[in-house]
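# Breakdown of the fold
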Amino acid sequence: MPKIQLVTQANLPTKFGLFRIVGFQFPDSKKEHVALIYGDISNSDEPVLARIHSECLTGDALHSLKCDCGFQLETALRQISQAGRGVLIYHREEGRGIGLINKIRAYALQDQGMDTIEANLALGFAADERNFSVCADMFDLLGVKKVRLLTNNPNKIDTMKKAGINVVERVPLNVGENRYNTEYLDTKAKKMGHFIVHNNEKHRLQCPHCQEEIPQSK
Ligand SMILES: Nc1nc2c(ncn2[C@@H]2O[C@H](COP(=O)(O)OP(=O)(O)OP(=O)(O)O)[C@@H](O)[C@H]2O)c(=O)[nH]1
Ligand SMILES: [Zn+2]
């Protein structure tokens, strides 16, 4: 299969500062991914604060509390802008690679008591269908060779290292825990080996920006 290509880029002002958005596409399938770049990342000797963020429409855009994705996305973008330079790859593998509609099917099974992994397996999928190697290709195309990777997922680190990206540090990203995603985080820790650190007040939800408590209706 031909490798992904860097096809276009532009400025992207955000509430976290001025980023460059870089568009990537596979020449055959036309599957698209993007990266957001902050600051000057041209010095490849200097490690770059980086995040591989998997698409989660419900968490990233629709404010779902069922997962931690939206909180991680915002925190990663803020930390990258505060660091003065960095890259966020927005890896368009919705629902750990099963797609949006199947993720909603999985949510329906979770409503009946299954955890995230049981639901994926019941639908005939692997626990995680994602392939992170395309992210290493995108780092390569951006000239990024050394990263401090914002993640709790050991698989992302392993895949980058095997693909020749030097992960000099894992930067933990434990944010957004609330009463609706505690089990989701537990399942990641127990069944997928993610490095999850629970906060002490599991059922409070704090705004990642101002730390004010977010009111909850239940
Ligand atoms: N199949 C499935 N995917 C989900 C579910 N909830 C969230 N996702 C997807 O899970 C992906 C995020 O994976 P996570 O396991 O939360 O985190 P990660 O990317 O592996 O690791 P971090 O780098 O630590 O965030 C996104 O693609 C979400 O759309 C679910 O219940 N079922
Ligand atoms: Zn999510």
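Reference entry: report on the structure contained in this document. For clarity, every value in this text was computed on a predicted model and none was experimentally measured. (Residues numbered from 1 in each chain as written. Chains lettered and ligands numbered in written order. Predicted model: local features only at pLDDT ≥ 70, side-chain atom pairs only at ≥ 80, totals over all residues. Heavy atoms only, no water.)

Where burial is concerned, most of strand β4 (residues 48-54) is hidden: 7 out of the 7 residues are buried. Here β4 shows a buried face lined by Val48, Ala50, Ile52 and Ser54 and a second buried face lined by Leu49, Arg51 and His53. Here β4 runs beside strand β6 (residues 146-150); their pairing, made up of 3 bridges, is parallel. Note that in β6 the partner of alanine 50 across the bridge is leucine 149. Bridge count for β4 against strand β5 (residues 86-91) is 6 bridges, and the pairing is parallel. By the bridge assignment, leucine 49 is partnered in β5 with glycine 86. (Buried < 20%, exposed > 50% of the residue type's maximum accessible area, 1.4 Å probe, protein only. Helix = DSSP H or I, 4+ residues; strand = E, 2+ residues; numbered from the N terminus. Pairing = 2+ DSSP bridges.)

Surrounding ligand 1, one finds 25 residues, the nearest of these being Arg51, Arg130, Thr151, Lys156 and Tyr184. Within the contact set of ligand 1, a nitrogen atom lies 2.9 Å away from a side-chain nitrogen or oxygen of asparagine 120. Here tyrosine 184 contributes a side-chain N or O atom positioned 2.4 Å from an oxygen atom of ligand 1. Surface burial for ligand 1 is 99%, taken as the share of its 650 Å² of free accessible area covered by protein chains. The cavity where ligand 1 resides is the largest cavity. Listing elements by their share of the shell around ligand 1, those giving two or more residues are β4, α2 (69-83), α3 (100-111), α4 (116-122) and α7 (182-192). Considering each element in turn, the shell around ligand 1 owes the most residues, 3 residues, to α3. The residue inventory of the shell around ligand 1, partitioned by class, reads 5 nonpolar, 10 polar and 10 charged. (Near = heavy atom within 4 Å. Polar contact = N/O pair within 3.5 Å; in protein donor to acceptor, adjacent residues only side chain to side chain. Areas by Shrake-Rupley, 256 points an atom, 1.4 Å probe, with all protein chains shown as cover. 1 Å grid on protein atoms, 1.4 Å probe; cavity = no way out; pocket = protein on both sides within 12 Å on 5 of 7 lines; lining within 4 Å. Sits in = over half its atoms within 2 Å of the grid points. Nonpolar A, V, L, I, M, F, W, Y, C, P; charged D, E, K, R; others polar.)

Below, the discussion takes up empty space enclosed by the protein. In the structure shown here, the tally under the stated rule is 1 cavity of 30 Å³ or more. Approximately 400 Å³ is the volume found for the largest cavity. Listed by contribution, the elements that provide at least two residues to the lining of the largest cavity are β4, α2, α3, α4 and α7. When residues in the lining of the largest cavity are grouped by element, the largest group, 4 residues, is from α3. Taken together, the residues that form the lining of the largest cavity break down as 7 nonpolar, 11 polar and 10 charged. (Points joined across faces, edges and corners; volume = space filled by probe spheres on them.)

The next point concerns the coordination of the zinc ion (ligand 2). Reference geometry at the metal: tetrahedral coordination by four donors gives ideal angles of 109.5 degrees; octahedral coordination by six donors gives 90 or 180 degrees. Every protein donor of the zinc ion (ligand 2) is listed here as Cys56 (SG), Cys67 (SG) and Cys69 (SG), and their distances to the metal cover 2.1 to 2.2 Å. In the primary sequence, the donor residues of the zinc ion (ligand 2) line up as C-x10-C-x1-C. (Donors = N, O, S within 2.8 Å, 3.2 Å for Na, K, Ca; no water.)

On inspection of all chains with the given rule, the structure shows 10 salt bridges. With a shortest N-O distance of 3.7 Å, lysine 191 and glutamate 118 are connected by a salt bridge. Of the two residues, lysine 191 is situated in helix α7 and glutamate 118 in helix α4; the sequence distance between them amounts to 73 residues. According to the relative accessible area criterion, glutamate 118 is partly exposed, its value standing at 36%. Through salt bridges with shared partners, a single network forms among Glu32, Glu55 and Arg92. (Salt bridge = Lys/Arg side-chain N within 4 Å of Asp/Glu carboxyl O.)

Before going further, it helps to examine the sheet that holds strand β1 (residues 5-14). Read across the sheet, 7 strands follow the order β1-β2-β3-β5-β4-β6-β7 without closing on themselves; strand pairing throughout is mixed. Looking at which strands have only one partner, the edges of the open sheet turn out to be β1 and β7 (166-171). In this sheet, neighbouring strand axes are inclined to one another by 25° on average, regardless of whether the strands run parallel or antiparallel. Strands in contact with helix α5 (residues 133-142) are β1, β2 (17-25), β3 (32-38), β4, β5 and β6; relative to β5, the strand with the most contacts, it is inclined by about 140°. Packed on one face of the sheet, helix α6 (residues 154-162) meets β4, β6 and β7 and runs near 165° to β7. (Axes fitted to C-alpha atoms, helices over the stretch in contact; angles between N-to-C directions. Contact = heavy atoms within 4.5 Å.)

That's the geometry; what it means functionally is another story.
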